[in-house]
Amino acid sequence: DTGVSQDPRHKITKRGQNVTFRCDPISEHNRLYWYRQTLGQGPEFLTYFQNEAQLEKSRLLSDRFSAERPKGSFSTLEIQRTEQGDSAMYLCASTPLGGQAYNEQFFGPGTRLTVL
Amino acid sequence: AQTVTQSQPEMSVQEAETVTLSCTYDTSESDYYLFWYKQPPSRQMILVIRQEAYKQQNATENRFSVNFQKAAKSFSLKISDSQLGDAAMYFCAYRGPNTGNQFYFGTGTSLTVIP
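Along every chain, residues carry numbers that run from 1 in the direction the sequence is written. Each chain is given a letter, starting from A, and each ligand a number, starting from 1, according to the order in which they appear as written. Only residues with pLDDT of at least 70 get local features here, since the model is predicted, and only at 80 or more are side-chain atom pairs given and counted; chain-wide, interface and lining totals rely on the full set of residues. Here the side-chain values reflect all heavy atoms present in the structure, with hydrogen atoms and water set aside.

Draft legend 1. Local environment of the layout of surface pockets. All names here are of chain B. In this model, the second largest pocket occupies a volume close to 220 Å³. What lines the second largest pocket is a set of 13 residues, and nearest its centre among them are Ile49, Arg50, Glu52, Ala59 and Glu61. The way it works is that DSSP assigns letters per residue, a run of H or I at least four long becomes a helix, a run of E at least two long becomes a strand, and they are numbered from the N terminus. The set of elements that each furnish at least two residues to the lining of the second largest pocket consists of β6 (46-52) and β7 (60-61). Sort the elements by how many residues they give to the lining of the second largest pocket and β6 lands first, with 6 residues. For this scheme, ten residues count as nonpolar: Ala, Val, Leu, Ile, Met, Phe, Trp, Tyr, Cys and Pro. Four count as charged, namely Asp, Glu, Lys and Arg, and the remainder, Gly too, count as polar. For the lining of the second largest pocket, the class distribution of residues is 4 nonpolar, 4 polar and 5 charged. As defined here, a cavity is a set of points on a 1 Å grid over the protein atoms alone where a 1.4 Å probe fits but cannot get out. A pocket is an open set with protein on both sides within 12 Å along at least five of seven lines, and residues line them when an atom is within 4 Å of a point. Grid points are joined across faces, edges and corners, and a volume is the space filled by probe spheres set on the points.

Next up, the structure:
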């Protein structure tokens with residue numbers, strides 16, 4: 001499978017715990033994005049990377065959230081001290097820099113987080 | 001920030017019939033891109049069709065076509081000969097030319113296909 005992959009697919013945690021999600025983009029895609037999708041809503045942008053550099057962060061990304069892409073390949077999104085309001089689907093997407101596909105984003109299956 | 005509005009939370013269509021999903025957006029930019037994504041119950045988003053704002057010709061992809069009205073900032077999706085597999089959430093999305101390639105999504109339209 002050469003698409004975007006995310007792990008885990010589901011995560012249930014207790015309020016106050018830390019969680020970490022992983023995204024593996026399509027090989028050679030320079031840009032990687034994180035979105036959050038709550039029930040009945042469209043995805044909302046959180047942050048994106050070009051290679052290992054984090055170029056933009058949404059105001060939705062509070063100081064409890066941190067994202068990394070240390071080698072410019074896979075990325076991790078960590079949420080510290082989870083709150084019930086963090087319950088959502090976290091989507092990862094990637095896109096190559098330049099070329100015909102520049103304007104399209106390829107999405108992974110998402111990680112569904114439930115905070116009890 | 002740009003806003004994308006989908007005013008139809010739910011739509012239904014008989015199998016083999018045609019349905020149109022509405023989308024409007026707000027932007028001050030002249031160059032941008034518009035997309036329709038499909039999100040089946042398995043939740044993975046799939047690109048259905050896209051439109052470059054500088055192109056006057058409406059995009060088509062097999063049974064899917066768009067009606068792009070730039071002046072009205074309207075971007076509707078028409079699905080012809082609807083099939084059971086078309087049942088999904090459909091999201092309209094906007095991407096500007098200089099926004100780091102992030103997408104702005106609407107709230108989605110849930111499409112039901114009736115056999």
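Continuing now.
Draft legend 2. Region of the structure containing the pattern of salt bridges. Salt bridges are defined as contacts in which a side-chain nitrogen from Lys or Arg sits within 4 Å of a carboxyl oxygen from Asp or Glu. If you walk through the whole model with that rule in mind, you get 7 salt bridges over all chains. As a salt-bridge pair, A:Arg22 and A:Asp24 come within 2.7 Å of each other at their nearest N and O atoms. The rule is simple: take the accessible area with a 1.4 Å probe, protein chains only, and divide by the maximum for that residue type; under 20% is buried, over 50% is exposed, in between is partly exposed. Accessibility expressed as a relative area gives 33% for A:Arg22, which makes it partly exposed. Residue A:Asp24 is classed as partly exposed on the basis of its relative accessible area of 26%. Here B:Arg63 makes a salt bridge to B:Asp86, at a shortest N to O gap of 2.8 Å. Here B:Arg63, found in the loop between β7 and β8 (64-69), pairs with B:Asp86, found in the loop between β9 (74-79) and β10 (88-95); they are 23 residues apart in sequence, far enough to count as distant. When sorted by exposure, B:Arg63 lands in the same class as B:Asp86, which is buried. Counted as one network, the salt bridges with shared partners bring together A:Arg64, A:Glu83 and A:Asp86.

None of this, on its own, says anything about what the molecule does.
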